[in-house]
Amino acid sequence: MTTATHEETLGFQTEVKQLLNLMIHSLYSNREIFLRELISNAADACDKLRYQALDNDALYEGDSELRVEIEHDSEAGTVTLRDNGIGMNREDVIANLGTIAKSGTAEFLKQLSGEQQKDARLIGQFGVGFYSGFIVADEITVRTRKAGDAADAGVEWRSKGEGEFVVAEIEREKHGTEIILHLKEDAREFADDYRLQSLVRKYSDHIEVPVKMPRTEKATDDDGNEVDGSEVTTWETVNEATALWVRPKSEVSEDEYKAFYKHVAHDFSDPLTWSHNKVEGNLEYTSLLYVPGRAPFDLYERDGARGVKLYVQRVFIMDDAEQFLPLYLRFIKGVLDTRDLSLNVSRELLQQDPKVEKIKSALTKRALDMLKKLAKDKEAYQTFWNTFGSVLKEGPAEDYANRDKISGLLRFSSTHTDSATQDQSLADYVERMKEGQDKIYYIVADGFNATKNSPHLEIFRKKGIEVLLLHDRIDEWLMSHLTEFDGKKFADVAKGDLDLGDVEDEDEKKAQEETAKSKEDLVKRVKEALGEEVQEVKITHRLTDSPACVVLPEHEMGFQMRRIMEAAGQSLPEVKPILELNPDHALVARLEGADGDGFGDLARILLDQAIIAEGGHLDDPAAYVKRLNALLSA
Ligand SMILES: Nc1ncnc2c1ncn2[C@@H]1O[C@H](COP(=O)(O)OP(=O)(O)OP(=O)(O)O)[C@@H](O)[C@H]1O
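By convention here, each chain's residues receive numbers from 1 onward along its written sequence. The model is predicted, so local features are restricted to residues of pLDDT at least 70 and side-chain atom pairs to those at 80 or more, both for listing and for counting; the totals for chains, interfaces and linings are taken over all residues.

Student: It is not clear to me how the overall build of the chain should be interpreted in this structure. Could you clarify?
Tutor: Of regular secondary structure, the chain possesses 22 helices and 22 strands. Referenced to the eigenvectors of the C-alpha coordinate spread, the extents of the chain come out at roughly 115 × 55 × 50 Å. Residues are called buried when their C-beta atom has 20 or more other C-beta atoms within 10 Å, exposed when it has 12 or fewer, and partly exposed otherwise; all C-beta atoms are positioned from the backbone. The buried share of the chain, taken over its 634 residues, is 38%. The contact rule is simple: place each C-beta atom from the backbone, and if two of them lie within 7 Å, those residues are in contact. Within the chain, contacts between residues separated by at least 24 positions form 73% of all contacts whose residues are at least 6 apart in sequence. Strands here are runs of E lasting at least two residues and helices are runs of H or I lasting at least four, both read from the DSSP assignment and numbered beginning at the N terminus.

Student: What exactly am I supposed to notice about the sheet that holds strand β11 (residues 285-291) here?
Tutor: Across a sheet, strands are paired by hydrogen bonds formed along the backbone, either parallel or antiparallel in direction. Here five strands make up an open sheet; going across it, the order is β10-β11-β14-β12-β13 and the pairing mixed. Looking along the sheet, the strands with just one partner apiece sit at the ends: β10 (273-279) and β13 (315-321). On average, each strand axis in the sheet is inclined to that of its neighbour by 10 degrees, with strand direction left out of account. Two strands are counted as paired when DSSP detects at least two bridges linking them. As a rule, the C-alpha atoms of each element are fitted with a line to give its axis, helices using only the stretch in contact, and angles between N-to-C directions run from 0 to 180 degrees.

Student: Just checking my understanding: could you explain the sheet that holds strand β6 (residues 164-170) for this structure?
Tutor: As summarised here, the arrangement of the nine strands in space is β1-β6-β5-β4-β7-β3-β2-β8-β9, forming an open sheet in which the pairing is mixed. Of all strands in the sheet, those bounded by a partner on one side alone are β1 (5-11) and β9 (232-237). Adjacent strand axes in the sheet meet at a mean angle of 20 degrees, parallel and antiparallel pairs treated alike. Sheet strands touched by helix α2 (residues 33-52): β2 (68-73), β3 (78-83), β7 (176-183) and β8 (211-217). Its angle to β3, the strand with the most contacts, is close to 20 degrees. Relative to β8, helix α6 (residues 193-204) is tilted by about 155 degrees, and along the sheet it contacts β2 and β8.

Student: Please explain the packing of helix α21 (residues 596-613) against helix α22 (residues 621-632) as it appears in this structure.
Tutor: Packed helix pairs are specified by the crossing angle of their axes together with the interaxial distance, meaning the distance between the axes. Taken N-terminus to C-terminus, the directions of α21 and α22 make an angle of 125 degrees; their axes are 10 Å apart at the nearest point. In terms of orientation, α21 and α22 fall into the oblique class. As α21 runs across α22, the sense of the crossing is left-handed. Taking contact as the criterion, the partners of Asp601, Leu602, Arg604, Ile605 and Asp608 in α21 are, on α22, Tyr624, Arg627, Leu628, Ala630 and Leu631. Looking at the contact of α21 with α22 residue by residue, the class counts come to six nonpolar, no polar and four charged. In these notes the angle categories are as follows: under 35 degrees is roughly parallel, over 145 is roughly antiparallel, 65 to 115 is roughly perpendicular, and the rest is oblique. Take the far helix as the reference: if the near one is turned anticlockwise from it by less than a right angle, the crossing is left-handed, and if turned clockwise, right-handed. Under the grouping applied here, Gly and all other residues not named as nonpolar or charged are polar, the nonpolar ones being Ala, Val, Leu, Ile, Met, Phe, Trp, Tyr, Cys and Pro and the charged ones Asp, Glu, Lys and Arg.

Student: It is not clear to me how the packing of α2 against α6 should be interpreted in this structure. Could you clarify?
Tutor: Put simply, α2 and α6 touch, their axes get as near as 9 Å, and they point 65 degrees apart. The handedness of the crossing between α2 and α6 is right-handed. For the pair α2 and α6, the contacting residues are Leu35, Arg36 and Ile39 in the first and Leu199, Tyr203 and Ser204 in the second. Grouping the constituent residues of the contact of α2 with α6 by class yields four nonpolar, one polar and one charged.

Student: Is there a simple way to think about the domain arrangement of the chain in this case?
Tutor: Size of an interface, as often reported, equals the accessible area lost when the parts are brought together. Where a domain begins and ends is set by an automatic assignment or by a domain database. You can read the domains of the chain as domain 1 (4-237), domain 2 (245-387), domain 3 (411-498) and domain 4 (506-633). Just the C-alpha atoms count here: the centres of domain 2 and domain 3 sit 33 Å apart.

Student: Sorry, what's going on with the pairing of β13 here?
Tutor: Within a regular beta strand, the side chains point alternately toward one face of the sheet and then the other, so they alternate between its two faces. One ladder, built from four bridges, connects strand β12 (residues 308-312) with β13; its direction is antiparallel. Counterpart to Leu310 in the pairing with β13 is Met318. Here β12 folds back onto β13, and the loop between the two strands holds two residues, one of which, Gln313, carries a positive phi near 45 degrees.

Student: Explanation requested: the environment of Gly281 in the structure shown.
Tutor: Relative to the helices and strands, Gly281 is located in the loop between β10 and β11. Residues Gly281 and Arg143, 138 residues apart in the sequence, show an inter-C-alpha distance of 46 Å.

Student: Any chance you could explain the nonpolar core here in plain terms?
Tutor: Side chains of nonpolar character tend, in soluble globular proteins, to be buried together. Put simply, a nonpolar core is a cluster of buried Ala, Val, Leu, Ile, Met, Phe, Trp, Tyr and Cys residues tied together by C-beta atoms within 7 Å. Counting 137 residues, the largest nonpolar core has Ile39, Tyr442, Ile443, Val467 and Leu468 as the members making the most contacts within it. Residues in contact with Val467, not counting those within four places in the same chain, are Ser414, Thr415, Tyr441, Tyr442, Ile443, Leu457, Phe460 and Val493.

Student: Help me out: how do you make sense of the confidence of the model for the chain in this one?
Tutor: Low pLDDT marks regions whose predicted coordinates should not be analysed in detail. On a range of 0 to 100, pLDDT expresses the predictor's confidence in each residue. Here the chain shows a mean pLDDT of 89. Residues at 70 or above account for 96%. Scoring the predicted complex yields pTM 0.78 and, for the interface, ipTM 0.95.

Student: Honestly, unusual backbone geometry in this entry has me stumped. Any pointers?
Tutor: Working note: non-glycine residues mostly have negative phi, and peptide bonds are mostly trans. Residues other than glycine seldom take positive phi values, yet Ala241 does so here, at roughly 60 degrees. For Ala241, a count of 17 C-beta atoms within 10 Å gives the class partly exposed. Although it is not a glycine, Asp486 adopts a positive phi angle of roughly 55 degrees. With respect to the element layout, Asp486 can be found in the loop between β18 (484-485) and β19 (488-492).

Student: What should I look at first to understand the pairing of β11 in this one?
Tutor: For β11, the tally of buried residues reaches six of seven residues, placing the bulk of the element in the interior. The sheet contact formed by β10 and β11 spans seven bridges and is antiparallel. Its bridge partner being in β11, Thr273 is matched across the sheet by Val291. Joining the antiparallel neighbours β10 and β11 is a turn of five residues, in which Gly281 adopts a positive phi near 120 degrees.

Student: So what exactly am I meant to see when it comes to the environment of Asp270 here?
Tutor: Relative to the elements of secondary structure, Asp270 occurs in the loop between α7 (254-265) and β10. Under the C-beta neighbour-count criterion, Asp270 is labelled partly exposed, with 17 such atoms within 10 Å. Sequence-distant contacts of Asp270, that is, excluding residues within four places in its chain, are made with Lys258 and Gly293.

As structure tokens, this is what we get:
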């Protein structure tokens, strides 16, 4: 019997309390996952010990056969999980089983609504780990000792999951961790051999560490009767216990791939797709990459977890090895096992090893190919795009070499569908280009409606030329790194001179020139009236319904990007717009006929309206309203 000393009662961090509460209620219908989570932790602990023992064999303390054991006692209503992995000391226990160290936890908890289904989904995305034990247990006891520490450095942790836990020092002969779940009355079904075995197979077949359960047999006498007192217990391995990625593809079922994903990615839901490759030759590695079905809560956190689980010759080295994939593929999860790195590689060494760059570039190609394949399934790809599209849009800026591949994977809204759903590829666009059209036209603005209803699109709509409607925050940044696709250049319809290429014939161009000439006087007067407010005034043929619009010179930073940078506190040199007037519009005709203050006010109103239509802000909105009201009541 162990005697506990130095007992200390501590409170859970507030976040843990909230999480426990919500988890117990929202995961009720999925409670068997506790076993997967605890086995997963035990297997990770074994992996960690194996890694640390690489240069210190003594840590095994003579017991190098790593394993997880599961026992139950149906009378007492307990299930016990035991591992001979790395174990924990007092500090570890308090930090790991009393707090949630993940960044963004508080943020995450704010999103929870109290609605069971929705919260279950969110909690799944967060990964509940150890605490999931409390879905089935009303008390949990953990006994553990860190490998290499003295026997009297054992720790016991007990809690009813209600806000407090107790830690105490104990004698513990063996290193590793033992977790005893005291099952709730209505969860006693789990203290059952058959139930536990089938759950282990369902969730943990792919884990390399053997998961063992005891089997007790009695000897029988000559008549076939069991002999009392002859019980012999053997520990049988219940799971397959081979690392999944080592097995040939043809022998791994879809369900096994999915179950493995949940283990590596700490996700509850299925992945969208995966790609499993063995490479021999110059580089030698096996990779198994997954595209998750949903975004982790920390996708946009600077220090959010990303990267693959790294193994060297099947020995686990580290989680979240982010050096093997570019940032714009940070949503990819999976495993990389290679012979090309040494077993004592560290994060620092990874940064210097030229082989890492090579593997990174190979994995990047694999990941992009996997997405290309996924794109054949429109529905699945749309789910992917809606979830991770804006991350992939960082690609062309980050990865110049793969720009073409990434461009093929992008999806946009477009005037072809006039829908906010981003589901049109550049290849689709090019296929629909009009005869004589040599550019891919796009517009960028804040929000879908601002793009869709922009006056700049009027001529394009009239002529039936498709325009991509870009309304994500990152879009202008993206477009500044994309110059062409399939040999066609991109053109921002709100910048520079309008050039529709051969879509316009010579007669049209000539007529436009003549109109511009006949309005030279008007242009001069407007320029004088607006003075410094504009850098130029022009007659345009971009517009059919609106009287005026503002455009920027071709290489100027766009309005949307300016607004983002200004909001981020950057001060930018002021840029004056070019005002373009629609010669066929009644208001422009009225302007032409006006003079004096009336002329000045109307010219100003047209400019202000054009800025508003662009999604911009007026320096003096009250003055605009005053002028407009004066005009309306005249
Ligand atoms: N059997 C174990 N042996 C050693 N350490 C453990 C064991 N179980 C849990 N831990 C420690 O406790 C920490 C917290 O575990 P927990 O399962 O809550 O979260 P996690 O495994 O880090 O992530 P996730 O929530 O995604 O599962 C682990 O990171 C590990 O350091």
